[in-house]
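Listed here are the chains, written in short residue letters.
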Amino acid sequence: MEEDGTKLSLTIIDTPGFGDNINNEGSFSEILKYIEAQYDEILAQESRIKRNPKFQDNRVHVVLYFIQPTGHALREMDIEFMRRLSPRVNLIPVIAKADSMTPSELALFKQRIMDDINFFKIPIYDFPIDPEEDDEDTKEENDALRKLLPFSVIGSETEVKVGGRVVRCRQYPWGIVEVDNDKHCDFSKLRYILLSSHLQDLKEITHDILYEQFRTERLSQEANG
Amino acid sequence: MATVGSSGLGKSTFINTLFSTLLKDYKQQPKRVHDQIERTVSIDVVRADIEEKGFNVRLTVIDTPGFGDYMNNQDCWVPIVEFLDEQHLTYMKAEQSHKRLEADDLRVHACLYFIQPSGHTLTSLDIEVMKQLGTRVNLIPVIAKGDTLTKEDMKAFKNRVLDCINAHGINMYTPPLDGDDDDDTHAIIEAMPFSIIASDNEVTVNGQKVRGREYLWGVAEVENEQHCDFKKLRNLLIRTNMYDLISNTEENHYEDYRMKRLTASGLSDDDPVRNAQKNMSAKMKEDEEALRKRFTEQVRLEEARFRKWEQNLIAERDRLNKDLEEHHKMVKDLENDVEELQAANR
C-alpha cells in the first residue's frame, strides 16, 4: 500500500477466538509463541554464515490490544496479557467500540486504565522521548499523544453522505458517529501514528531494544541449558 | 429479580433506571492494593419496598458482582445456581414445617441475563450459564448496552442469539399469549431478547426532559422504543406479566425443584417410610378424637352444674321476693289501720 508517498508493506495479524473461552488461561501463550517464533527466525538468519539478503522480516512491530468498553477498569485478563506481551513487543492499548461511552465516561475510563497500567508497571509503548535526538516539536507531540492513551477507536466500513461529504460512520437512530472525526474518537490520530509519524520509531524499538532483549535472553538460555 | 452478567454491562444502572431510584450503588473501584487473587463471585441482595401506581411491591434485587470477570471463569455460575436452589429449599422447608408462617420468600421470580453486545453470537460462558439458569428460574436474556449496535447489526445479533438459544435448548421465558389478538404480547415476544439502554441521567431533547445517554452525535433515549426495548421489558417485569412470572416460578420451577430434591433424597410416593408415617398419623387422629370426646364430656358436666346452681339462686330470689311482698302487705295493712284510727279520732 502507499501512504504519504512511501510504499509500505503491511502485514496484519488477527487473533480470533481470543478470550472467548470460559477458561482463558492458555490464550496468550499462542500469541506469545508466534511473536517469539518470528524473533527466533531472525536470530537464526543472523547467525547464518551465508545470510540471505532478501529475507523477509516478519517480526511484529506493534500490537494493538483492544480493551472492552466496560467503563470500569482493566480486567484480570487485560492486565495479564499486557504484562506478558509488552516485554516482547510494542504494545498500544486501544479502547474498542468507543461509541458506547459518553465523553465524560470515556475520559474517566481512560484515566482508570492508565492508573492501572502505572500501578502494575506495564511497559506499554508510550511515545518515548529521546532527549538527545528529538527536538522540541517532537517532544510536544509525543507528550500530547501520551495524554491521549489509550486511544479510543470506532470502526466502520459503511460510507454515508453527511452534509455533502462522504464519511465512514455508524448510523444510529439518534445520530451518526464519524470514524475520522477527531472529536468522536482517536482513530485518525492512531492511523497517522501507525502508518506515518511513528512507524519508524516502532520499527527501531522493535529491532534495537526488544529484539536485542530477546536475543540476549535466548542466547544465555542456550548457554546455560 | 436477579441480574446476572459480566461487570461493566450496566446491571446496576439498569436496576436504578427501572425503578427510577438509586437502589444500587455503582461499583466502587477497588483499591488496587493487591492482585485479584480471590476469584469469587459474590451475591448481593438489595431489598426495597416500592410503590407503583398505588400498589406496594416488595422487591428483592440480587446482583452478581465478579461474574465472568476472571481469566478462568470455570464454575463461576455455581454460587448463583446454589443461591437459587437454596431459596427453593428454604421455602420448601417452611412449607413442610407445621408452622406455616409467611416465610421470607427470597425465591427469584425473574432472572435477567445480560449479554455482551459483541454483535457476533453468544459466548460459551453465556450458553453454559443460561442452560443452568433456565431450568431453575424464569430466564429473560437481555442485550446490554444496546446503544453499541446499529439497527441492522442489532437485528442480526438478536436472530443469532435466538438461533443459539434454540440450538442449545435453553429454556427462555416467554409471556403467555391470551388468544391470537393479543398484539402487545406478540410485540413483546418478537422483540426478545430485549436490547436495553440504561441511564439515570436526564437530558433535554426537543424541549422535553428524557432519560438518556448524551453523546456528541446525539442522545440515545431510554424510553424511546425506536432506540431500545427498555419499555417492553419494564412492562413485562412490572406491569403486565408480573403475576405470571411469580406463578410460573411457584408452579413450575419450584415444583420441579421440589420433585428433584425429594426423589434425590430417596423418597417416593410408595415409600414404606411414607406409609409408616401415614399409619402413624392415622393413630394420632384416633387419639385426637378420644381426647376431644373426653373434653366435650367434661364441658357438659360443668355446664349442668352451673345450671343447677343458677336454678338454686333463682329459687332463693323468688323466696326472698315473696317474703318481701308479705312484709309489704303487712306494712300496708298497718298503714290502713293508722288511717282509720286517725279518721275515727276527728
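The following refers to the structure shown. Here the structure is a predicted model, which means the values were calculated and not measured.

Moving on: the overall build of chain A. In terms of helices and strands, chain A carries six helices and eight strands. If you list the helices and strands of chain A from N to C, you get β-β-α-β-α-β-α-α-β-β-β-β-α-α. Judged by the C-alpha coordinates and their principal axes, chain A covers about 65 × 45 × 35 Å. Taking all 225 residues of chain A together, the buried fraction comes to 42%. Of the accessible surface of chain A, which amounts to about 12,700 Å², a share of 49% is contributed by carbon and sulfur atoms.

All names here are of chain B. A cluster of nonpolar side chains, contributed by F306, W309 and L313, occupies part of the molecular surface with about 370 Å² of accessible area. Secondary-structure assignment places L313 in helix α8 (residues 272-345). Classification of L313 by relative accessible area gives exposed; the value is 53%.

Here the focus is the packing of aromatic side chains. Within this structure, the stated rule accounts for 11 aromatic pairs over all chains. Seen from their ring centres, A:Y39 and A:F214 are 5.1 Å apart, and the 40° between their planes marks the pair as tilted. Of this pair, A:Y39 sits in helix α1 (residues 27-46) while A:F214 sits in helix α6 (residues 199-224); the two residues are 175 residues apart in sequence, bridging distant segments of the chain. Each member of the pair, A:Y39 as well as A:F214, carries the same accessibility label: buried. Through a chain of ring-to-ring contacts, three or more aromatic side chains come together here, namely A:Y39, A:Y211 and A:F214. The residue whose ring lies beneath B:R305 is B:F306, and the NZ or CZ to ring-centre distance is 5.8 Å.

Time to look at empty space enclosed by the protein. Residue and element names in this part refer to chain B. Summed over the entire model, instances satisfying the criterion amount to one cavity of 30 Å³ or more. Considering the residues around the largest cavity, the lining is formed by A2, I43, I62, T64, I80, F83, L84 and V108. Of the residues that constitute the lining of the largest cavity, the class distribution is seven nonpolar, one polar and no charged.

The residue B:H88 is located in helix α2 (residues 78-96) in this model. Judged by relative accessible area, which is 3%, B:H88 ranks as buried.

All right, on to the sheet that holds strand β9 (residues 218-221) of chain B then. What holds strands together in a sheet is hydrogen bonding between their backbones, with the strands either parallel or antiparallel. Residue and element names in this part refer to chain B. Taken in spatial order, the three strands make up an open sheet running β7-β8-β9, and their pairing is antiparallel. Looking at which strands have only one partner, the edges of the open sheet turn out to be β7 (202-205) and β9. Neighbour-to-neighbour, the strand axes of this sheet turn through a mean angle of 70°, independent of strand direction. With four bridges joining them, strand β8 (residues 208-215) and β9 adopt antiparallel strand pairing. Within β9, the residue paired with R213 across the bridge is A220.

Quick look at the interface of chain B and chain A now. Taken together, the contacts link 42 residues of chain B with 40 residues of chain A. One can count two salt bridges joining chain B with chain A. Where A:R170 meets B:D153, a salt bridge forms, and the shortest distance between an N and an O atom there is 3.8 Å. On inspection of chain B and its partner chain A, the count reaches 10 residue pairs in polar contact (both at pLDDT 80 or more). At the level of elements, α3 (124-134), α4 (151-167), β8 and β9 of chain B are the ones that each hand at least two residues to the side of chain B that touches chain A.

Let's shift gears to the sheet that holds strand β4 (residues 91-95) of chain A. All names here are of chain A. The parallel open sheet is built from three strands, whose spatial order is β3-β4-β5. The open sheet is flanked by β3 (63-67) and β5 (151-152), the only strands paired with a single partner. Looking at chain direction, β3 and β4 are connected through five bridges and run parallel. Bridging across to β4, L64 finds its partner in I92.

Its place among the elements puts B:G66 in the loop between β3 (55-63) and α2. C-alpha separation for the pair B:G66 and B:S42, spaced 24 residues apart in sequence, amounts to 6.6 Å.

So, how was this worked out
- Residues numbered from 1 in each chain as written.
- Chains lettered and ligands numbered in written order.
- Predicted model: local features only at pLDDT ≥ 70, side-chain atom pairs only at ≥ 80, totals over all residues.
- Heavy atoms only, no water.
- Helix = DSSP H or I, 4+ residues; strand = E, 2+ residues; numbered from the N terminus.
- Buried < 20%, exposed > 50% of the residue type's maximum accessible area, 1.4 Å probe, protein only.
- Areas by Shrake-Rupley, 256 points an atom, 1.4 Å probe, with all protein chains shown as cover.
- Patch = residues over 30% accessible without salt bridge, like charges linked within 9 Å, V, L, I, M, F, W, Y side chains within 5 Å.
- Salt bridge = Lys/Arg side-chain N within 4 Å of Asp/Glu carboxyl O.
- Phe/Tyr/Trp six-rings, centres within 6.5 Å; stacked < 30°, edge-to-face > 60°.
- Lys NZ or Arg CZ within 6 Å of the ring centre and 35° of its normal.
- 1 Å grid on protein atoms, 1.4 Å probe; cavity = no way out; pocket = protein on both sides within 12 Å on 5 of 7 lines; lining within 4 Å.
- Points joined across faces, edges and corners; volume = space filled by probe spheres on them.
- Nonpolar A, V, L, I, M, F, W, Y, C, P; charged D, E, K, R; others polar.
- Pairing = 2+ DSSP bridges.
- Axes fitted to C-alpha atoms, helices over the stretch in contact; angles between N-to-C directions.
- Contact = heavy atoms within 4.5 Å.
- Polar contact = N/O pair within 3.5 Å; in protein donor to acceptor, adjacent residues only side chain to side chain.

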